[in-house]
Amino acid sequence: MSNKPDGMFRKGNVSYLLPFILVTTCFALWGFANDITNPMVKAFSKIFRMSVTDGALVQLAFYGGYFVMAFPAAMFIRRFSYKSGIMLGLFLYALGAFLFFPAKSSGAYYPFLLAYFVLTCGLSFLETSCNPYILSMGSEETATRRLNLAQSFNPIGSLLGMFVAMNFIQARLNPLSTTDRAALSDTDFESVKAADLSVLIAPYLAIGLFLLLMLVLFWVVKMPLGSDKSKQTDLRSSLRRLLSLKRYREGVIAQFFYVGVQIMCWTFIIQYGTRIFTEQGMTEQAAEVLSQKYNIVAMVIFCFSRFICTYLLKYINPGRLLSLLAVAGGLLVAGVILFQDIRGLYCLVGVSACMSLMFPTIYGIALTGLGEDAKLGAAGLIMAILGGSILPPLQARIIDMGSVAGMPAVNASFALPLICFIVICIYGYRCRQKA
């Protein structure tokens, strides 16, 4: 039988449609984890009476797990398969979620950071496996568009994570403000903290059970390998080839700054909105919940923009579209910095429309044509998620200053996202003829 031409979800005689659908569910699963976690920076700061900087250690642990486990995940996938990497990722994700129970029992902050770290080691396996697997599920000409389509379901999981964070965590925490909590006696503080931690861990335990069901599903479904597993290229040769490609090297740098800007804009929208709404007379908890609603609107915009941008990629060069959206994102961030009222919050919500295309497009451009080296190359791009670990604590430190050059520090702190968009714009511009 002669081979059929490669298509969107076909390679030779192998159809990837069912595996594509199944693997795409994982994109929603790590979207859920990312965006139930972002509001926890504020939640942990209140529960444990900590500074914003200390609360941002959640992001350090969360995205640090991505960095640490990306390279071992790539080695595991090279040795076994994409399916094995996905299954191990689901297991570690579930384990990290279940570790929230002993963390709550300890009553301490740092066990939660360990749980987040283990959880994101699982996410690192998932992303290192799923992204290049999706790229391999059809013709190379449609690889970037196929990855954008799969990534379009990531914000659906993100929306669910935001919804759960707002309705099942933030709205159910004790309504005492940060100032009132600071005035509590040690006994009363411990009582409030224990009750709040019980509220916080419940969604994580529920997602852990769902992940075990997903693990069983992947175990029973037969999945094509996606590439010739027997072709084990030399590690040093792979690294040498990857590092010799300017498009790949600069893609890792661009991805570092993209993940940083995404996490900063979605994490600190809570602080940004809370400042505005408390100045209007709202209580702190009501302001936080309303700010999270704006965050959900931002994610809805992100979701619709992803589908629109995926369609536009049929007609516009990926690098060119990436640079145009980075310019638009930078202009909106400038508004976030300069406006000190609700207009700044509107600009911050609008930034999500510009970010929707960026992660999968940078990923697709950087890995185009790498063949078997894509497995190792994927690890470098996942390690670049470290940007989400390093940059948010830097922004949090600025926010803790209170004011900068006569403006609210939370406004001034968005100079960091502005720098990120400049870097992304440069990468897109340089790749516009190569993507």
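Relevant structure appears above.
Predicted, not measured: the structure shown is a model, and the values here were computed from it. (Residues numbered from 1 in each chain as written. Predicted model: local features only at pLDDT ≥ 70, side-chain atom pairs only at ≥ 80, totals over all residues. Heavy atoms only, no water.)

Chemist: Even after reading the chapter, I still don't get the packing of aromatic side chains, so can you show me in this structure?
Modeler: Here a ring pair, both rings aromatic, is described through the centre-centre distance and the interplanar angle of the planes. Going through the model one piece at a time under the given rule, you end up with 27 aromatic pairs. Centroid distance F100 to F112: 5.6 Å. Interplanar angle 70 degrees. Geometry classified as edge-to-face. Here F100 is found in helix α6 (residues 100-106), whereas its partner F112 is found in helix α7 (residues 110-135), with 12 residues between them in sequence. According to the relative accessible area criterion, F100 is buried, its value standing at 0%. (Phe/Tyr/Trp six-rings, centres within 6.5 Å; stacked < 30°, edge-to-face > 60°. Helix = DSSP H or I, 4+ residues; strand = E, 2+ residues; numbered from the N terminus. Buried < 20%, exposed > 50% of the residue type's maximum accessible area, 1.4 Å probe, protein only.)

Chemist: Even after reading the chapter, I still don't get empty space enclosed by the protein, so can you show me in this structure?
Modeler: It is the rolling of a water-molecule-sized probe over the atoms that shows where space remains empty. Overall, the coordinates contain 1 cavity of 30 Å³ or more when judged by the stated rule. Of the pockets and cavities examined, the largest cavity occupies roughly 170 Å³. Contributing to the lining of the largest cavity are 18 residues, with W30, N34, E127, Q262 and F359 lying nearest its centre. Elements that contribute at least two residues to the lining of the largest cavity include exactly α1 (17-37), α4 (57-79), α9 (154-169), α13 (246-267) and α15 (284-312). A breakdown of the residues in the lining of the largest cavity according to their chemical character gives 10 nonpolar, 5 polar and 3 charged. (1 Å grid on protein atoms, 1.4 Å probe; cavity = no way out; pocket = protein on both sides within 12 Å on 5 of 7 lines; lining within 4 Å. Points joined across faces, edges and corners; volume = space filled by probe spheres on them. Nonpolar A, V, L, I, M, F, W, Y, C, P; charged D, E, K, R; others polar.)

Chemist: Any chance you could explain the nonpolar core here in plain terms?
Modeler: Inside soluble globular proteins, nonpolar side chains tend to come together where they are buried. The biggest cluster of nonpolar side chains holds 141 residues, and the ones touching the most others in it are V23, F44, Y93, F218, Y258 and F414. Here this core takes 11 residues from α7, the largest share from any one element. Other than its neighbours up to four places away in sequence, V23 contacts I86, C130, Y133, I134, M137, F218 and M223. M69, A73, L92 and F125 belong to the second-largest nonpolar core, a separate cluster that totals 5 residues. (Core = buried A, V, L, I, M, F, W, Y, C linked by side-chain atoms within 4.5 Å. Contact = heavy atoms within 4.5 Å.)

Chemist: How do you make sense of unusual backbone geometry when you look at a structure like this?
Modeler: Excluding glycine, a negative phi dihedral is what most residues carry, and trans is how most peptide bonds are arranged. Despite not being glycine, R49 has its phi angle at roughly 55 degrees, a positive value. By secondary structure assignment, the location of R49 is in the loop between α2 (40-47) and α3 (52-55). Look at R49 and you get partly exposed, because its relative accessible area is 31%.

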